[in-house]
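Coordinate inspection notes
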Amino acid sequence: MPDLVSTLRASAPLSNRVVYTVWLCNPQGYRVQLISNYVRLHYTLGLRGGGGFQLELPPSFPRTFVKHLGFVEIRRSVGGGVSALQDVYVIQSQPEAQARRGARFLTLEGPSITDFLLGKNSRVVASILGGTGASYTDRADDAAKSYVWDAMGTNAGSSGTAAGRDLTGIYGFRMEAKRGLGPSVTEDGYTKPLDQVLAEIARKSEQDTTSPKRLFYWIRPYASNPLRFEFVTAVTGLTRSRGRYLGFTSGNPVILSPDWGTLGEVDAEYDRREEWTSLYVTYNTKASATRVTDTVRRNAAPGNFREIYYDATNSALVAAAQLEAQARLGEGKPRLISRAKVIPSYAYRYGAEYGMGDVVGTVVFGRRIEMEISGVEADVVADETLSLKLEQLGTV
């Protein structure tokens, strides 16, 4: 690995000036107002497109173009570079406040376009047992796309009481081509909420005993003014992220650490709240049972026997059932999670040298650990305050 000091000094200082461009769009996706005089901007990003925003506007801001279910398009440039889209958010709430002397302040709030279209109360799998689209057995990538297209694509519903369900004519909605990626999964989605079905497909993909994969999915715009959206996926190994590898052995490593002036306040924890150390396993159509246990973790403390149930549906013999259950057992291991404030740096600039979803090297509390940037929180007033959620890939 390159010497850390040499890494930080490898190039001449670059500009780390951050500039935001915020567009207000109407519900049809057309830009109607460039918002340059906001009081405060706050937004979050997640690996699977989740997040939300708050935009506080001054009393002088014209309310004419602010519409329910309009959009806010947030773009960010660093060091004079290209303005990169952070995300598109949907206006679902417009709280107002009035000062003592009558000045009125409007705040716009809402979820990311992914949370709006794929989150709570968005869609259900509108099929009954045995009906068309009730169940899919396919590669994880393709199964997810089949369910989303049934719920939002052509023939999802464009007349009568189902009018508006088909988004192809509303948002120009489209889907990335199926690529046959990930393990084969079976999901009975009928009558379930779409977000629950997608999460279950992702879980089954990670727990596959033959070729486990991480499945990411989100909604992104493929055109602006008007905004047009598409559903996309990414499939990786369990120890890989959807972004770039910039860890210690990378050719261009990014090292984040308070000791090197790239991180400020850091909170870290070994999260054991969802830990389990043993599985009671049924197999052979639930006619037989066995158990698998991580004895090392079980013996870490006197009361650390924590068990859940697992049905090895693909196994008829005990050895196969125990092997099938190992992935689920491993999922119960604790993970290191950190939350850290970014210190503006000329060497490592978020949005330039590294970004959302990348794996970076960290040196925190004397430990050198490669971690995935799984969340971003930005607060913009006069300057930007940026915080990262960092998670250790794999397990502790």
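Above this text you will find the structure in question.
Residues numbered from 1 in each chain as written. Predicted model: local features only at pLDDT ≥ 70, side-chain atom pairs only at ≥ 80, totals over all residues. Heavy atoms only, no water.

**Some details on the overall build of the protein chain**
This is how it is decided: Strands here are runs of E lasting at least two residues and helices are runs of H or I lasting at least four, both read from the DSSP assignment and numbered beginning at the N terminus. The globule rule used here is 2.2 Å times the number of residues to the 0.38 power, and the radius of gyration it is set against is calculated over C-alpha atoms. Partly exposed describes any residue whose relative accessible area lies between the buried limit of under 20% and the exposed limit of over 50%, with all areas from a 1.4 Å probe on protein chains only and scaled to the type maximum. Pairs of residues are marked as contacts when any of their non-hydrogen atoms sit within 4.5 Å.
For the protein chain, the helix and strand inventory stands at 6 helices and 23 strands. For 396 residues, the compact-globule formula gives about 21 Å, and the C-alpha radius of gyration of the protein chain, at 24 Å, lands near that figure. If you line up the protein chain on its principal axes, its C-alpha atoms span 70 × 65 × 45 Å. The buried share of the protein chain, taken over its 396 residues, is 46%. Taking the intrachain contacts of the protein chain between residues at least 6 apart in sequence as the baseline, contacts between residues at least 24 apart amount to 65%.

**Concerning the environment of tyrosine 354**
With respect to the element layout, tyrosine 354 can be found in the loop between strand S20 (335-342) and strand S21 (359-364). Once the C-alpha coordinates of tyrosine 354 and serine 338 are considered, the two residues, 16 residues apart in sequence, prove to be 17 Å apart. Those residues within four positions of tyrosine 354 in sequence are excluded, and the remaining contacts are Arg244, Leu246, Val254, Leu256, Val342, Tyr348, Arg349, Val360, Ile373 and Leu388.

**Some details on the nonpolar core**
Soluble globular proteins tend to bury their nonpolar side chains together. We apply this condition: Residues belong to one nonpolar core when they are buried, are Ala, Val, Leu, Ile, Met, Phe, Trp, Tyr or Cys, and are joined through side-chain atoms within 4.5 Å.
Within the largest apolar cluster, 50 residues are counted, with the highest numbers of intra-cluster contacts made by Tyr38, Leu41, Tyr43, Leu55, Leu108, Tyr354 and Leu388. At 6 residues, strand S22 (residues 367-380) tops the list of elements feeding residues into this core. Look past the residues within four positions of leucine 41 in its chain and what remains in contact with it is Tyr20, Val22, Gln54, Leu55, Ile74, Ala378, Asp379 and Val380. Ranked by size, the runner-up nonpolar core spans 31 residues in total, among them Ala143, Val197, Leu215 and Ile219.

**Some details on the pattern of salt bridges**
Applicable threshold: The working definition used for a salt bridge is a side-chain nitrogen of Lys or Arg within 4 Å of a carboxyl oxygen of Asp or Glu.
The full count for this structure, using the stated rule, is 24 salt bridges. Residue glutamate 372 is joined to arginine 214 by a salt bridge in which the shortest nitrogen-to-oxygen separation is 3.0 Å. Separated by 158 residues along the polypeptide, glutamate 372 in strand S22 and arginine 214 in strand S12 (residues 214-223) bring together distant segments of the chain. Between arginine 291 and glutamate 307 there is a salt bridge, with its nearest N and O atoms 2.8 Å apart. You can see arginine 291 sitting in strand S18 (residues 288-293) and its partner glutamate 307 sitting in strand S19 (residues 307-311), a full 16 residues away along the chain. Taken together, the salt bridges that share partners define one network made up of Asp141, Lys145, Glu176 and Arg179.

**Considering the sheet that holds strand S10 (residues 174-175)**
Formally: Strand pairing requires that DSSP identify at least two bridges connecting the strands.
Ordered by their spatial adjacency, 3 strands build an open sheet running S10-S13-S12, and the pairing between neighbours is mixed. Each edge of the open sheet carries a strand with a single partner, namely S10 and S12. Relative to strand S13 (residues 228-236), S10 is paired through 2 bridges, and the arrangement is parallel. Bridged to methionine 175 within S13 is phenylalanine 231.

**Brief notes about helix H4 (residues 194-207)**
Quick reminder of the rule: By this rule the span expected of a helix is its residue count minus one, scaled by 1.5 Å.
The terminal C-alpha atoms of H4, which comprises 14 residues, lie 20 Å apart, in line with the 20 Å expected from a rise of 1.5 Å per residue. Residues of H4 that are buried: Leu194, Val197, Leu198, Ile201, Ala202, Ser205 and Gln207. Considering only its buried residues, H4 is in contact with helix H2 (113-118), helix H3 (140-152), strand S11 (184-188), S12, S19 and helix H6 (318-331).

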